[in-house]
Amino acid sequence: GRLFRTHLGRSPAEYVRRARTEAAAALVANTDLPLARVADRCGFGSTETLRQAFLDTFGHPPSAHRRAFARRGG
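Every value quoted in this text rests on a predicted model; they were computed, and no experiment measured them. (Residues numbered from 1 in each chain as written. Predicted model: local features only at pLDDT ≥ 70, side-chain atom pairs only at ≥ 80, totals over all residues. Heavy atoms only, no water.)

Our focus in this paragraph is the overall build of the protein chain. A count of helices and strands for the protein chain gives five helices and zero strands. Taken over the C-alpha atoms alone, the protein chain extends approximately 45 × 25 × 20 Å along its principal axes. Taken over 74 residues, the protein chain has a buried fraction of 26%. Counted over contacts in the protein chain with a minimum sequence separation of 6, partners at least 24 positions apart contribute 44%. (Helix = DSSP H or I, 4+ residues; strand = E, 2+ residues; numbered from the N terminus. Buried < 20%, exposed > 50% of the residue type's maximum accessible area, 1.4 Å probe, protein only. Contact = heavy atoms within 4.5 Å.)

What follows is the structure, given as structure tokens:
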């Protein structure tokens, strides 16, 4: 754990949570999957856990992320 933090600036758990949140952000922005499916695919135990990770990382919930970053058709 100490070496991980020394080299990457965060604990292994923080790193994994960030990676999961970034993967979820891509799915939220680029698919119409329900948030429960996004949470499941990215290793979050619930949509509330996903929501909290989004708030901590991006400062907004997944629903706002989808509205702001969703691919537009056409």
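Glancing now at the environment of Phe-54. Considering the arrangement of structural elements, one finds Phe-54 in helix 4 (residues 47-58). Look at Phe-54 and you get buried, because its relative accessible area is 0%. Taking the C-alpha atoms as reference points, Phe-54 and Thr-6, 48 residues apart in sequence, are found 25 Å from one another. Setting aside its immediate chain neighbours within four residues, Phe-54 contacts Thr-21, Ala-24, Ala-25, Val-28, Gly-59, His-60, Pro-61, Pro-62 and His-65.

Its place among the elements puts His-60 in the loop between helix 4 and helix 5 (62-69). Among the polar contacts listed, one links the side chain of His-60 to the backbone oxygen of Phe-58, at a separation of 3.3 Å. Setting aside chain neighbours within four positions, we find His-60 in contact with Phe-54, Leu-55, His-65 and Phe-69. (Polar contact = N/O pair within 3.5 Å; in protein donor to acceptor, adjacent residues only side chain to side chain.)

Between its first and last C-alpha, helix 4 extends 16 Å over 12 residues, near the 16 Å set by a 1.5 Å rise per residue. Taken residue by residue, helix 4 has Leu-50, Ala-53 and Phe-54 as its buried positions. Angularly, the buried residues of helix 4 cover 100° about the axis, an arc narrow enough to put them on a single face. Residues of helix 4 that are buried in the fold lie against helix 2 (12-30), helix 3 (35-41) and helix 5. (Expected span 1.5 Å × (residues − 1). Arc of directions from axis to C-beta.)

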